[in-house]
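# Chain and residue survey
Here's the letter readout for the chains.
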Amino acid sequence: MAESPELAERGGAGVRSEHEVGRRSVIKLLVAGGVTAVAVTAGVVPRGPLAAWAGRAAPPDPDGVAALGRAYLRRHPGESHATLLLRELPDVRSAHPVRPQLPRLTSTIVSDFDAGRVVNVDGWELARTEARAAAAIALGR
Amino acid sequence: MLLDARQIAPGSTLTADVCIIGAGAAGITLARALAGSGHTVLLLESGGFEPDGATQALYQGRSVGLPLDPIAHQGLDAPRLRYFGGTTNHWAGYCRPFPELDFEPRSYVPRSGWPMARAALDPYYLVAQDACRLGPYDYDVSSWEARGALKVPILNSETTPHTIVQLTTEPRFGVLYRDELVQSPAIQLVLWANVTRLGLADDGSAISTVDVKTLSGNAFGAVATAYVVATGGLEVPRLLLASNDKRPAGIGNEHDLVGRHFMEHVNVAGGPVALTIGEAEIAPYTPTPLAVDVGGAPRSIALQSVLLLSPEVQQRERVLACEVTLEFPFAPDDPRVEALFPGTRHGIELLEAQGVTTKTVATARVLCEQEPNPLSRVTLTRTKDALGMPQIQLDWRITRDDRLSMLRTLRRVGREIGERGFGRLRVDVSGYTNGDPAPGDDIDYEVNTGSHHLGTARMSADPSRGVVDADGKVHSVPNLYVAGSAVFPTGGANTPTLTIVALALRLADHLASVVPGSAVPVPEPEAAISDAPVEPTGDGSGVPVTDPVNAS
């Protein structure tokens, strides 16, 4: 199951390091973890170190909702039909643009969360209904 | 009584009822408790009262797995401190007791389960609470709200119950208890004393002596009725494995368990949370200073709320113990939000499209135990330190289930936040955003560590599954014990010090019941023993060490 100490020593150079710490991740860890330690000591959340990283944002996506919709469709390619999606959104009137109708979905979205009908879309933990609505918006663009 | 190992006559022997190796949180606690029960104690500490470069260098070793220090990639000596007080010398002071589930076997966590229930530790937690200079033994958020100390976090629910973390403002055991130990007639505190071998009797049945060396070249012995190794999760296996003159595999290693199952506490900034609640609502997740009264005496502590998954949810979701906090609140339009977590705006826009306003964006941090993994281990190398002790090689590993547990916990918290209308959470762990990995998907993201070294002499009632029994006694040696986090079978999502102290107190009770106490004052060895103040520098370079890691 496991190597002896001697084997482990001989094989030391060949034992694969399981990860490399990426530059971006190091920065995040430094910012998040490092600031935690300082914050505990000082009793405040220093903002200075974070400020240095302001402006590193990626070019803004013109439509964040559609971006989430596209991410949903990549995970659920079988739903890439507006008609099918709208059928799953009974509170949405298909003759009108979807986006302004999103507030109508609130109760369905809450029900989804209650019932565990949740999907993970590009990391976001979303109600299935709101993810589908975003997908419908993406298809309609 | 304070002794300087460099001034003890070479070849002499110090004696006591109990010999404790290592003066950190466990060793100091044990010494105090045993002295109070009429036992004489020999407390052997490698360092002095202040850090010393040459002594600290004795911790050096080789890391061939994940780096223990993923940020700066410093050596194995960086997360630990080898002088009086041990690693409490950079402890940040976080404390809470392990919940009941942590002690129970969990079907989905191989090798889980402690050989005792939480109830067995409860009376010791109570005493440990005071030893760690904390407030009242109360970890209930509602109770502390009733005291007016904090507000119960809005996310508190049956699914995501919250508990309290207490922070001591006096975490340095070496500072707290130095005078008491030095002045105790029952305790011989020996500084600059490095134990290099546990010596089995000729028939191999029990420990009959330990070899002590100093960096200045002195050597002598120590003899006691019982011996306790309290040197931390990396040095305990080192000493057990290196003491192999009579048992070639090392002491206590009949089942090839010594050094295996090395665990850390891993934590990550798990991603942004777009919240419909204001910054004030997440304030309880930040440690808040508080003055409390303990037995009529004022004491300063700090309180922090942490979110847990309920035992039922934890088991249903098959996740390891995790603890979540929300931190670093920013206004949603603060450019630092997108700098830290690109794409956060997408979730904010989705809420906006529903007519919901995001008031705050916080970071969800998750801290997790690791499943005990026999391949994550400490072994010895052929490289020797300045005392001739083999250095260690650490092959620290994280399993897929460790990483998956953190993702699943984040998702469950995200669902709770969505369900209760408080916003949306995104899994974004160092750029890893696959919140729902398929069975074959690689899960690879970087983690931070807690500088907690656990499990390398794990506790089990079954000698084939553990190095020590429920009392901390090495199964195969009747008078040898291990104290400290090395004995933890699982790590919990807790900082370990309060439990280390509670276990040490429990071990002290056990030792008091099996080791006859010596009412006779301890005679001083024939050689000159100094009561003079010990120099702040060691016998090596005298170069002070830095304190690069702040353990929690």
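Calculation rules
Residues numbered from 1 in each chain as written. Chains lettered and ligands numbered in written order. Predicted model: local features only at pLDDT ≥ 70, side-chain atom pairs only at ≥ 80, totals over all residues. Helix = DSSP H or I, 4+ residues; strand = E, 2+ residues; numbered from the N terminus. Rg over C-alpha atoms; globule rule 2.2 N^0.38 Å. Buried ≥ 20, exposed ≤ 12 C-beta atoms within 10 Å, placed from the backbone. Contact = placed C-beta atoms within 7 Å. Arc of directions from axis to C-beta. pLDDT = per-residue confidence, 0-100. Core = buried A, V, L, I, M, F, W, Y, C linked by C-beta atoms within 7 Å. Pairing = 2+ DSSP bridges. Axes fitted to C-alpha atoms, helices over the stretch in contact; angles between N-to-C directions. Parallel < 35°, antiparallel > 145°, perpendicular 65-115°, else oblique. Nonpolar A, V, L, I, M, F, W, Y, C, P; charged D, E, K, R; others polar.

For chain B, the helix and strand inventory stands at 12 helices and 20 strands. Its C-alpha atoms give chain B a radius of gyration of 24 Å, near enough to 24 Å, the size a compact globule of 552 residues would have. In terms of overall dimensions, chain B has C-alpha extents of about 85 × 55 × 45 Å along its principal axes. Out of the 552 residues in chain B, the part that is buried amounts to 59%. For chain B, contacts bridging at least 24 residues in sequence account for 76% of all contacts bridging at least 6.

Moving on, we get to the overall build of chain A. Within chain A, the secondary structure is distributed over seven helices and two strands. When burial is assessed residue by residue, chain A has 35% of its 141 residues classed as buried. Within chain A, contacts between residues at least 6 apart in sequence are counted, and of these 56% link residues at least 24 apart.

Of note, B:Thr495 is situated in the loop between strand E20 (480–482) and helix H12 (497–514). Counting along the chain gives 399 residues from B:Thr495 to B:Arg96, while the straight-line C-alpha distance between them is 7.2 Å.

Another point: helix H6 (residues 173–183) of chain B. Helical periodicity: at 3.6 residues per turn, an α-helix aligns residues three or four positions apart in one direction. Residues and elements named next belong to chain B. Looking at H6, one finds that the buried residues are Phe 173, Gly 174, Tyr 177 and Leu 181. Within H6, the buried residues cover an arc of 100° as seen down the axis, which keeps them to one side. Residues Asp 179 and Gln 183 are exposed on H6 and point more than 90 degrees away from its buried face. Where H6 is buried, its residues contact helix H1 (25–36), strand E3 (41–44) and strand E7 (187–191).

Residue and element names in this part refer to chain A. For chain A, mean pLDDT is 68; residues scoring 70 or higher make up 55% of the total. Ranking the helices and strands of chain A by mean pLDDT puts strand E2 (residues 124–127) first, with 98, and helix H1 (residues 5–10) last, with 31. Overall, residues 1–59 carries pLDDT values under 50, and its contacts beyond four positions in sequence, including any with other chains, amount to 85 contacts.

Residue and element names in this part refer to chain B. Considering every residue of chain B, the mean pLDDT works out to 93; 94% of them sit at 70 or more. With pLDDT under 50 throughout, residues 521–550 is counted as low confidence; its partners more than four residues away or in other chains account for 70 contacts. Listed scores for the predicted complex are pTM 0.87 and ipTM 0.88.

Another aspect to go through is the nonpolar core. Formed by 192 residues in total, the largest nonpolar core has its most connected members in B:Ile20 and B:Leu30. In this structure, B:Ile20 is in contact with B:Gly27, B:Leu30, B:Ala31, B:Val41, B:Leu42, B:Leu43, B:Leu44, B:Val228 and B:Ala230, ignoring residues within four places of it in sequence.

Once that is clear, we can look at the sheet that holds strand E4 (residues 62–63) of chain B. Residues and elements named next belong to chain B. Within the open sheet, the three strands sit side by side as E4-E17-E16. Their pairing is mixed. This sheet does not close on itself; its edge strands, each paired only once, are E4 and strand E16 (377–384). Bridging between E16 and strand E17 (residues 390–395) involves five bridges; their strand directions are antiparallel. When the bridges of E17 are listed, Val 378 appears paired with Leu 394.

All names here are of chain B. The buried fraction of strand E15 (residues 360–368) is high, at nine of nine residues. Burial of the side chains of E15 extends over both faces: Thr 360, Ala 362, Ala 364, Val 366 and Cys 368 are buried on one face and Val 361, Thr 363, Arg 365 and Leu 367 on the other. Here strand E11 (residues 266–275) runs beside E15; their pairing, made up of nine bridges, is antiparallel. Note on E15: the bridge partner recorded for Val 266 is Cys 368. Pairing analysis gives seven bridges linking strand E14 (residues 322–330) to E15, with the strands arranged antiparallel. Bridge assignment links Phe 330 to a residue of E15, and that residue is Val 361.

Next up on the list: the environment of B:Asp4. All names here are of chain B. Note on placement: Asp 4 falls in strand E1 (residues 2–4). Residue Asp 4 is classed as buried on the basis of its C-beta count, with 23 C-beta atoms lying within 10 Å. Separated by 185 residues in sequence, Asp 4 and Leu 189 place their C-alpha atoms 8.4 Å apart.

Right, let's talk about the environment of B:Asp138 for a bit. All names here are of chain B. Structurally, Asp 138 is set in the loop between helix H4 (118–131) and helix H5 (141–146). Looking at Asp 138, the number of C-beta atoms within 10 Å reads 15, which means it is partly exposed. Sequence separation between Asp 138 and Glu 170 is 32 residues; the distance between their C-alpha atoms is 18 Å. Beyond its immediate sequence surroundings of up to four residues, Asp 138 is in contact with Ser 143 and Trp 144.

Where strand E1 (residues 118–121) of chain A meets E2(A), four bridges bridge the pair, whose relative direction is antiparallel. Paired with A:Val119 across the bridge in E2(A) is A:Leu126.

A word on unusual backbone geometry. Residues and elements named next belong to chain B. Not every positive phi belongs to a glycine, and His 261 is a case in point at roughly 65°. In this fold, His 261 is placed in the loop between helix H7 (232–242) and E11. Although it is not a glycine, Phe 328 adopts a positive phi angle of roughly 50°. Within the secondary structure, Phe 328 is located in strand E14. For Phe 328, a count of 25 C-beta atoms within 10 Å translates into the label buried.

Helix H10 (residues 344–353) of chain B packs onto helix H4 (residues 64–75) of chain A with a crossing angle of 105° between their chain directions and a minimal axis gap of 7 Å. Compared by their axis directions, H4(A) and H10(B) come out roughly perpendicular. Contact residues: H4(A) offers A:Gly64, A:Val65, A:Ala67 and A:Leu68, while H10(B) offers B:Arg345, B:His346, B:Glu349, B:Leu350 and B:Ala353. Partitioned by chemical class, the residues of the contact of H4(A) with H10(B) number five nonpolar, two polar and two charged.

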